[in-house]
Amino acid sequence: MSERIVVNEVGPRDGLQSQGKTLTVEQRLQMIQALLDTGIRSIEVGSFVSPKAVPQMAGTGELFVRLPMADQVTYSALIPNAKGYELARAAGARSVAVVLSATETMNQRNIRMSLDRTTAVCLELMQQARRDGVEARAYVAVAFECPFEGVTPAERVIDLTQRLFEAGADKVIIADTIGAANPSAVRRVLDPLQRFANEGWLSCHFHDTRGMALANVLASLEAGVREFDSSIGGLGGCPFSPGATGNLATEDLVLMLNAMGLETGIDSLKLVNAVRQVQELTETPLGGHCFRWLQRQADQEASHA
Ligand code: COA
Ligand code: ZN
């Protein structure tokens with residue numbers, strides 16, 4: 001089995017947006033370079049949102065213009081509305097991701113629009129991106145549980161996903177914003193969407209809040225999903241979603257996928273350096289479940305070199 005899996009790094013967006021320390025554009029670029037050095041080639045580099053709502057993401061326009069050139073790299077940006085889309089386009093973004101939360105309250109808290117209104121806006125933006133030749137990505141957030149409304153009905157997530165694809169979405173990312181999913185719940189959402197997974201159109205975004213992120217990845221792999229979000233060192237959370245700590249750590253995801261013989265193009269030992277650099281930049285202790293072990297391997301390799 002040497003199938004290709006896309007690991008989409010979201011540390012520079014999902015990771016940094018909830019940090020107490022706001023990084024400068026220069027520091028965000030250093031972080032992105034450290035990620036590129038590991039072989040990562042798909043990165044969500046920031047968001048075009050109100051700087052009043054998320055000050056950590058101010059300057060994403062400038063960041064885009066200064067992004068490092070690299071072979072075969074995809075840089076995407078999260079956008080909450082039409083204004084975000086315009087800003088992303090003006091900055092030269094070739095890939096954008098809208099956020100449609102599957103519950104009423106989460107949309108209100110996150111982007112101050114009703115579920116119906118957000119759905120309409122997201123569908124429109126998917127069509128618009130298609131017309132403009134921009135990669136159209138869409139998150140279905142709080143896809144398993146909402147911090148305000150409890151368990152999210154799987155049927156609603158499935159319905160929203162289908163509508164996004166009908167509108168022209170290239171990729172829908174099923175997002176467990178607060179890390180409340182489990183492998184059975186994952187299968188309940190993904191099995192009816194299998195035909196989209198088989199086309200390579202589905203991605204999953206897990207948080208490791210309850211330690212089940214990798215189990216959920218395995219369930220998704222079995223359901224045909226071939227793309228996953230993760231965040232270096234497990235950095236992250238959503239500032240509008242109480243309890244949304246720690247993303248699935250990129251090193252945990254990559255180590256497991258590589259060990260399973262799946263191809264990520266990412267060198268797990270090189271991730272140690274990236275975790276260390278991001279730790280310094282954010283002044284936050286980081287590291288997934290495997291980090292200590294990985295550090296020992298990397299240090300041993302360095303001492304033999
Ligand atoms: N980027 C930058 N500024 C934006 C913007 C965007 N995408 N959308 C709106 N704004 C600005 C408006 O121009 C306006 O600016 P002003 O006060 O200087 O006139 C201000 O934000 C308020 O605009 P309004 O349309 O009334 O927005 P709002 O106050 O209802 O907030 C959002 C809506 C979507 C802009 C805001 O809630 C937001 O940015 N949320 C992002 C949440 C997020 O990133 N969550 C984590 C990722 S899921
Ligand atoms: Zn997240």
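Above this text sits the structure in question.
Note that this is a predicted model, so its numbers are computed, not measured. (Residues numbered from 1 in each chain as written. Chains lettered and ligands numbered in written order. Predicted model: local features only at pLDDT ≥ 70, side-chain atom pairs only at ≥ 80, totals over all residues. Heavy atoms only, no water.)

(A) The site of ligand 1, seen in detail. Surrounding ligand 1, one finds 18 residues, the nearest of these being Ser 50, Asn 81, Lys 83, Asn 110 and Arg 112. Note that an oxygen atom of ligand 1 is positioned 2.8 Å from one of the backbone N or O atoms of Ser 50. For ligand 1, an oxygen atom lies 2.8 Å from a polar atom in the side chain of Lys 83. Starting from 920 Å² of accessible surface for ligand 1 in isolation, the protein chains cover 65%. Those elements giving two or more residues to the shell around ligand 1 turn out to be α4 (82-90) and α5 (104-111). A per-element tally of the shell around ligand 1 places α4 first, with 3 residues. In terms of residue class, the shell around ligand 1 is built from 9 nonpolar, 5 polar and 4 charged. (Near = heavy atom within 4 Å. Polar contact = N/O pair within 3.5 Å; in protein donor to acceptor, adjacent residues only side chain to side chain. Areas by Shrake-Rupley, 256 points an atom, 1.4 Å probe, with all protein chains shown as cover. Helix = DSSP H or I, 4+ residues; strand = E, 2+ residues; numbered from the N terminus. Nonpolar A, V, L, I, M, F, W, Y, C, P; charged D, E, K, R; others polar.)

(B) Representation of helix α8 (residues 183-190) in the model. Of all the positions in α8, only Ala 185, Val 186, Val 189 and Leu 190 are classed as buried. Down the axis of α8, the sector holding all buried residues measures 125°, keeping them to one side. Against α7 (154-167), β8 (171-176), α9 (194-198), β9 (202-206) and α10 (213-222) lie the buried residues of α8. The backbone nitrogen of Ser 184 has a side-chain oxygen 2.9 Å away, supplied by the residue at the start of α8, namely Asn 182. (Buried < 20%, exposed > 50% of the residue type's maximum accessible area, 1.4 Å probe, protein only. Arc of directions from axis to C-beta. Contact = heavy atoms within 4.5 Å.)

(C) Focus on the side chain of Thr 264. You can see Thr 264 is positioned in the loop between α11 (250-259) and α12 (268-282). Polar side-chain contacts of Thr 264 include one of 2.7 Å to the side chain of Asn 258. Among the polar contacts listed, one links the side chain of Thr 264 to the backbone nitrogen of Ile 266, at a separation of 3.1 Å. Dropping the residues within four chain positions of it, Thr 264 is found in contact with Arg 4, Ile 5, Val 7, Val 254, Leu 257 and Asn 258.

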